[in-house]
Amino acid sequence: MDKHFPENFLWGGATAANQCEGAWNEDGKGISTADMLTSGSRKNPRIFTREHRADCHYPSHEAIDHYHRYEEDIALFAEMGFKIFRMSIAWTRIFPNGDDAQSNRAGIEHYRKVFETCKKYGIEPLVTLSHYEMPYHLVKEYNGWANRKTIEFFTKYCQTVMTEYKGLVKYWLTFNEINILATQFGGLAAGGIMPEADRPVMFTAFEKESPQAQQLRFQALHHQFVASGRVVQLAHAIDPENKVGCMIAGMVQYPYSPNPMDILEAQKSMRLGNYLCGDVMVRGEYPAFSRRYFNEKGITLDITESDLEAIKKGRVDFYSFSYYSSGCVSSDPELRKQAGNMLFGVQNPHLKASEWGWTIDPLGLRIFLNELYDRYQVPLMVVENGLGAVDKVEVDGSIHDDYRIAYLRQHVVAMREAIEDGVDLMGYTPWGCIDLVSASTGEMEKRYGFIYVDKDDNGNGTLKRSRKDSFYWYKKLIASNGAEY
Ligand code: BGP
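Anyway, here's the lowdown on the structure attached to this text.

**Topic: the overall build of the chain**
Working step 1: Within the chain one finds 15 helices and 14 strands.
Working step 2: Whereas a compact globule of 485 residues would reach a radius of gyration of roughly 23 Å, the chain reaches 21 Å, a difference of no more than 12%.
Working step 3: Projected onto its principal axes, the C-alpha coordinates of the chain cover approximately 60 × 55 × 50 Å.
Working step 4: In the chain, which comprises 485 residues, the proportion classed as buried is 60%.
Working step 5: A sequence separation of at least 24 residues applies to 76% of the contacts in the chain between residues at least 6 apart.

Dropping the structure here:
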């Protein structure tokens, strides 16, 4: 059977501003929530500090200095043959405090140059409007997305960039991994909700969440739904060419056993983890199952008629998601206890894991693609995928990352099979196409890139870029439109 990728398939790579740009306080940029996150490791979580502390390292401040080196980096992406480049705009470069009357010209001009560079190479930008950061001022003054006013601030920022970059950008994503806010893991990173003390916040649920905190989290999520709905409508009004997608963290959960109790638990977890957000953003209304969930948890949301209209009219054009791993759900209290607060649930005996404990499951990607397409029938895009691993630089400067190639190859096969199954898949942008700061741990050593960046966890290094073996592999894959993998 001749299986292949569609002709205009969008091969590329993905980054986020706070994980690669650096220049955290240059050219009028305001402080973002990500600028307050220390570095960490798998064992020591990153800490959100309410003030900057002299004894802490903040990896977003320099990151990989992409802000000053974007031309070199985009040229390398072009060398691999990228058709699309997913990146995010730092809201704080456009509106430093979030509620400013005027936008910051220097920030607007910076991204214009970035997009023009992409254009020069025939690369389509795919722009995430909010990728795990927001102006810190909005967090301190308004409690971030818990406050309804933030919808207006965000809409104004989106209107500004969509107007400025009309003709340069046509693919947009509203909120990165919005569904993290539907889990206990998302408070600050996704929702900008101020923690009561300096503490770990990234994908970390340490203590039991209070009913008030839970209520606030879902209200923040609701405000993001409304904002997304408004922004989708704005995008279409500004330029009918614009295509806006939702961005969901693909949290695939299997039942641990054929015990119907496990199946039910997995279903609940898929619904809350993935489908709640997808249904609102693709179908334009809260799914029926959410009513019972909110009732049982005692969550009462402030939802107005005009909110519902914004959600209804602002349905996204496509569905994008990240996929790294799958999880497993059990109804057995003993097994659940062992798993603790792990994002991926109980251990799946059939799968191996990465050095950072993320299970590797390419078939899960095919299964999820099929599930999503059955449910939504809109074009899908895989906008993050990859293997975080430690790379070794040989004496001659080469980097033999065959483990990364093996991981990506299997996921490419899974996508091709899903296309064969009937899925309408638009593109693939593996995560961290150039090494960058890890979101969960703040490390540099957890690398995803095709391009190596000389920088270590303590901030030392020349920042020199080098091509890994995977660079040449991906280049060939793109040139053959997925045939040579
Ligand atoms: C996703 C985030 C990204 C990215 C990726 C890899 O959840 O959208 O920002 O960082 O995960 O995670 P990590 O960097 O923690 O390895």
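Now that the structure has been shown, the text picks up again.
**Concerning the pairing of strand β11 (residues 380-384)**
Working step 1: Counting buried positions along β11 yields 5 of 5 residues, so the element is predominantly enclosed.
Working step 2: As defined by bridge partners, strand β9 (residues 318-322) adjoins β11 across 4 bridges and the pair is classed as parallel. Note on β11: the bridge partner recorded for F321 is V382.
Working step 3: The pairing of β11 with strand β12 (residues 425-428) spans 3 bridges and is parallel. Residue pairing in the sheet places L380 in a bridge with L425 of β12.
Working step 4: Of the crossover connections in this fold, the one passing from β11 over helix α14 (residues 402-420) to the parallel β12 is right-handed.

**Examining the side chain of H110**
Working step 1: Tracing the sequence through the fold places H110 in helix α4 (residues 105-120).
Working step 2: Every residue in contact with H110, bar those within four places of it in the chain, is listed here: Y67 and Y70.

**Overview of the environment of S325**
Working step 1: Among the secondary structure elements, S325 is positioned in the loop between β9 and β10 (326-329).
Working step 2: Assessed through its relative accessible area of 2%, S325 is described here as buried.
Working step 3: Each C-alpha atom, one on S325 and one on L301, is 32 Å from the other, the two residues being 24 residues apart in sequence.
Working step 4: At a separation of 2.7 Å, a polar atom in the side chain of S325 contacts the main-chain carbonyl oxygen of T359.

**With respect to the site of the ligand**
Working step 1: With respect to spatial proximity, 15 residues lie near the ligand, and among them Q19, E177, A439, S440 and Y448 are the closest.
Working step 2: For the ligand, an oxygen atom lies 2.7 Å from a polar atom in the backbone of A439.
Working step 3: Look at the ligand: alone it shows 370 Å² of surface, and the protein chains cover 98% of it.
Working step 4: Taken together, the residues of the shell around the ligand sort by class into 7 nonpolar, 5 polar and 3 charged.

**Overview of helix α13 (residues 362-376)**
Working step 1: Compared with an ideal rise of 1.5 Å per residue, which puts 15 residues at 21 Å, α13 spans 22 Å between its outermost C-alpha atoms and is within 8% of the ideal.
Working step 2: Among all positions in α13, only P362, G364, L365, F368, L369, L372 and Y376 are buried. Seen along its axis, α13 keeps its buried residues to an arc of 135°; they face one direction. Away from its buried face, by an angle of more than 90 degrees, α13 presents the exposed residues L363 and D374.
Working step 3: Looking at the buried side of α13, the elements it contacts are β8 (252-255), α9 (260-283), β9, β11, α14 and β12.
Working step 4: Just downstream of α13 lies Q377, where phi reads positive at about 50°.

**Structural notes on the packing of aromatic side chains**
Working step 1: The full count for this structure, using the stated rule, is 32 aromatic pairs.
Working step 2: Judged by centre distance (6.0 Å) and plane angle (85°), the rings of F82 and Y474 are edge-to-face. One end of the pair, F82, is in the loop between α2 (66-80) and β3 (84-88); the other, Y474, is in helix α15 (residues 469-479), and 392 residues separate them in sequence.
Working step 3: A relative accessible area of 3% means that F82 is categorised as buried.
Working step 4: With centroids separated by 6.4 Å and ring planes inclined at 85°, the aromatic side chains of Y171 and F318 adopt a geometry described as edge-to-face. Taken together, the positions of Y171 in strand β5 (residues 171-175) and F318 in strand β9 put the pair 147 residues apart, joining distant regions of the chain. Taken individually, Y171 and F318 each receive the classification buried, so the pair is uniform in this respect.
Working step 5: Following the ring pairs from residue to residue traces out a cluster consisting of F5, F9, W11, F77, F82, F85, Y428, F450, W473 and Y474.
Working step 6: In this arrangement the basic side chain of R375 is found over the ring face of Y275, its NZ or CZ atom lying 3.9 Å from the centre.
Working step 7: Positioned above the aromatic ring of W358 is the side chain of K446, whose terminal nitrogen or guanidinium carbon lies 3.7 Å from the ring centre.

**Some points on the sheet that holds β5**
Working step 1: Strands sit in the order β1-β3-β4-β5-β7-β9-β11-β12 around a closed barrel of 8 strands; the barrel is parallel. Taken over all neighbouring pairs, the strand axes of this sheet differ in orientation by 30° on average, direction set aside.
Working step 2: Lying over the sheet, helix α6 (residues 149-164) contacts β4 (124-130) and β5, oriented at roughly 165° with respect to β4.
Working step 3: Against the sheet, helix α8 (residues 211-238) touches β4, β5 and β7 (243-249), its axis set at about 160° to β5.

What counts, and where the lines are drawn
Within each chain, residues carry numbers counting from 1 in the order of the written sequence. With pLDDT at 70 or above as the cut-off, local features in this predicted model cover only qualifying residues; side-chain atom pairs require 80 or more to be listed or tallied, and sums for whole chains, interfaces and linings still use all residues. With hydrogens and water set aside, each side-chain value is computed from the structure's full complement of heavy atoms. Put simply, DSSP marks the helices as runs of H or I at least four residues long and the strands as runs of E at least two long, and each gets a number from the N terminus on. Two things to know: the radius of gyration comes from C-alpha atoms, and the globule rule equals 2.2 Å times the number of residues to the power 0.38. Buried, partly exposed and exposed residues are distinguished by accessible area as a fraction of the type maximum, computed with a 1.4 Å probe on protein chains only: under 20%, between the cut-offs, and over 50%, respectively. Residue contacts follow a heavy-atom distance rule, with two residues in contact if any of their heavy atoms lie within 4.5 Å. Strands are labelled as partners when DSSP assigns at least two bridges between them. When the strands point away from the viewer and the path from the first strand over the helix to the second turns clockwise, the crossover is right-handed. Think of a polar contact as two N or O atoms within 3.5 Å of one another; within protein, one of them needs to be a possible hydrogen donor and the other a possible acceptor, and neighboring residues in sequence only count if both atoms come from side chains. Nearness is judged by heavy atoms alone; a residue qualifies as near a molecule or strand once a single heavy atom is within 4 Å of it. Accessible surface area values rest on a Shrake-Rupley calculation with a 1.4 Å probe, where residue burial reflects the displayed protein chains alone. Each residue is assigned to one of three groups, with Ala, Val, Leu, Ile, Met, Phe, Trp, Tyr, Cys and Pro labelled nonpolar, Asp, Glu, Lys and Arg labelled charged, and all others, Gly among them, labelled polar. Expected span of a helix, by definition, is 1.5 Å for each gap between consecutive residues, and there is one gap fewer than residues. This arc is taken over the directions from the axis of the helix to the C-beta atoms. To pair, rings of Phe, Tyr and Trp, with the six-membered ring standing in for Trp, must have centres within 6.5 Å; the planes then decide the type, stacked if under 30 degrees apart, edge-to-face if over 60, and tilted in the middle. Should the NZ of a Lys or the CZ of an Arg lie within 6 Å of a ring centre and within 35 degrees of the ring normal, that charge is described as sitting over the ring. Working convention: axes come from line fits to C-alpha atoms, limited for helices to the stretch in contact. Angles between N-to-C directions cover 0 to 180 degrees.

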